[in-house]
Amino acid sequence: MERYNGPLWQTLRATDPEGQLAKVAALSARYGLIGGSTPIQHYDCRLTVALADQMKAGGIDMRWPPHSGARQAAPLGDSAATHIASLCSVDLDTVPFDDVAVVGGHRYVDLARHFIEASKSAGFIAPSSDIAIINGPIGLMRQALRTWLLNHPTGNCSPGA
């Protein structure tokens, strides 16, 4: 969370400076879906249609970045499933999320929806969970993110139906 410094990340840190209101994941063009506290290196990479399609095809079990067979600049990462499981682990049990917010641009939201469906199938997100999609002009997204955080102040996974 500290690596990213865009307006939405600034709003997240200003609204939840202690990290108590939500469990955070980041959807990265370089690292895939990672937990918000996962340390990462600086990088400059945009989420292209081709990258998003490759992530979708690999699903939540694909380790990202994928191994190309050539020497890698960064070590092979964990799968999205590994990061999601660590976020909804309570005393070594997986307790599915029942309230999720997705915040970002259209391409990120589209990819996140794909990961949400896969996460429901894997038991990380309850089938009946509330999914808030926050997308649009940046000022409205910042306001909606702040509102969502303040109105959903559990920061914990809850058993889903």
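Before reading on, note that the structure itself is shown above.
Residues numbered from 1 in each chain as written. Predicted model: local features only at pLDDT ≥ 70, side-chain atom pairs only at ≥ 80, totals over all residues. Heavy atoms only, no water.

> Honestly, the packing of aromatic side chains in this entry has me stumped. Any pointers?
Two aromatic rings, taken as a pair, are described by how far apart their centres are and by the angle between their planes. One pass over the structure, following the stated rule, counts three aromatic pairs. Look at Tyr 4 and Trp 9: their rings are 5.2 Å apart centre to centre, the planes differ by 25°, and that puts the pair in the stacked class. We classify Trp 9 as buried; its relative accessible area is 18%. Measuring from ring centre to ring centre gives 6.3 Å for Tyr 4 and Tyr 43, while their planes differ by 85°; the resulting arrangement is edge-to-face. Of the two residues, Tyr 4 sits in the segment before helix H1 (7-15) while Tyr 43 sits in the loop between strand E2 (32-35) and helix H2 (49-58), which places them 39 residues apart along the sequence. A relative accessible area of 17% means that Tyr 4 is categorised as buried. Among the aromatic residues, those joined into a ring-pair cluster are Tyr 4, Trp 9, Tyr 31 and Tyr 43. Here the guanidinium or amino end of Arg 30 rests over the ring plane of Tyr 31, the centre of that ring lying 5.4 Å away. (Phe/Tyr/Trp six-rings, centres within 6.5 Å; stacked < 30°, edge-to-face > 60°. Buried < 20%, exposed > 50% of the residue type's maximum accessible area, 1.4 Å probe, protein only. Helix = DSSP H or I, 4+ residues; strand = E, 2+ residues; numbered from the N terminus. Lys NZ or Arg CZ within 6 Å of the ring centre and 35° of its normal.)

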